[in-house]
Amino acid sequence: MGNSLVFLQRVSIFSGVGQDSLERIAGITQEKSFPKKSIIFHEGDRGDTLYILKSGRVKISKITEDGREKTLALMQPGEFFGEMAIFDEQPRSATAEVLDEQAVVYTLNKRDFERLIIEHPTIALKIMRDLTRRIRLVNQQVEDLAFKDVHERVASTLKNLAEVEGRPIGAKVLINLKMTHQDLANMVGSSRETVTRALNRLQDEGIISISHQQITINQPKQLQMW
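Residues numbered from 1 in each chain as written. Predicted model: local features only at pLDDT ≥ 70, side-chain atom pairs only at ≥ 80, totals over all residues. Heavy atoms only, no water.

### Focus: the environment of Ala 162
- The topology assignment puts Ala 162 in helix α6 (residues 150-165).
- Taking the C-alpha atoms as reference points, Ala 162 and Leu 177, separated by 15 residues in sequence, lie 9.7 Å from one another.
- Dropping the residues within four chain positions of it, Ala 162 is found in contact with Val 173, Ile 175 and Ile 217. (Helix = DSSP H or I, 4+ residues; strand = E, 2+ residues; numbered from the N terminus. Contact = heavy atoms within 4.5 Å.)

The following block contains the structure:
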């Protein structure tokens, strides 16, 4: 329980929770590991579990009516997912897939989770704030789809990825995530061919460079325009 307690102390939704309560939370969570590229749950599955990501990355995505995949979010260590099926008791609204390395999660079942937020209302408030942040991000994606062309959406997506996954290298920023052109197309909401043309244009302009499925932002200030 010692390792889980240390981790839970760093999870934002549990900040401010006393030591005794954290120890009890650590006692009711279960640690699970999922290999890379595995599915934690599928869209449409029944769900009664909240997941808190300890390590690795998890992609949350949906399949559109025409069979294309749309990436909704990339979950980072310390973030939670799977909460919607707990709150509304409906099937999973999206698929959760492990990305490029093993993911380790802590799980909380519905009954323990509900008891926890009744005992600690501040946890519910922090979850609401995080959900509000996610809704704002989705609203931004909808706005981008409605008002930006693919080149602008690719640039905007790269800017957001650099902020979350970026590793500074001098004046440049390496997006610390291996992505194929199809992966990026799934985030942008376009075809691979169209996104490839947009990436080639950004490379020709010297704004980015791509090597071994990793993107380096050579001119971060240029991306701020989008």
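Structure shown, so let's carry the discussion forward.
### Section: the pattern of salt bridges
- Counted according to the given criterion, the structure contains 19 salt bridges.
- Here Arg 57 and Glu 101 are joined by a salt bridge, their closest N and O atoms 4.0 Å apart. Placement of Arg 57 in the loop between β3 (49-55) and β4 (58-63) and of Glu 101 in the loop between β7 (95-98) and β8 (103-109) is noted, with a sequence separation of 44 residues between them.
- Taking the shortest distance from any N to any O, the salt bridge between Glu 83 and Arg 134 comes out at 3.5 Å. Of this pair, Glu 83 sits in helix α3 (residues 83-88) while Arg 134 sits in helix α5 (residues 121-147), and the two are 51 residues apart along the sequence. Residues Glu 83 and Arg 134 agree in their burial class; the two are buried. (Salt bridge = Lys/Arg side-chain N within 4 Å of Asp/Glu carboxyl O. Buried < 20%, exposed > 50% of the residue type's maximum accessible area, 1.4 Å probe, protein only.)

### Considering the sheet that holds β7
- Strand order in the open sheet formed by four strands is β2-β7-β4-β5, with antiparallel pairing between adjacent strands. On the outer flanks of this sheet lie β2 (39-41) and β5 (69-75), each paired with one strand and no other. On average, each strand axis in the sheet is inclined to that of its neighbour by 30°, with strand direction left out of account.
- When β4 meets β7, the two strands line up antiparallel, connected through four bridges. The partner of Val 58 across the bridge, within β7, is Val 98. (Pairing = 2+ DSSP bridges. Axes fitted to C-alpha atoms, helices over the stretch in contact; angles between N-to-C directions.)

### As for the confidence of the model for the protein
- When pLDDT is averaged along the protein, the result is 90; 99% of the residues meet or exceed 70.
- When pLDDT is averaged over each element of the protein, β2 comes out on top at 97 and helix α1 (residues 2-8) at the bottom at 80. (pLDDT = per-residue confidence, 0-100.)

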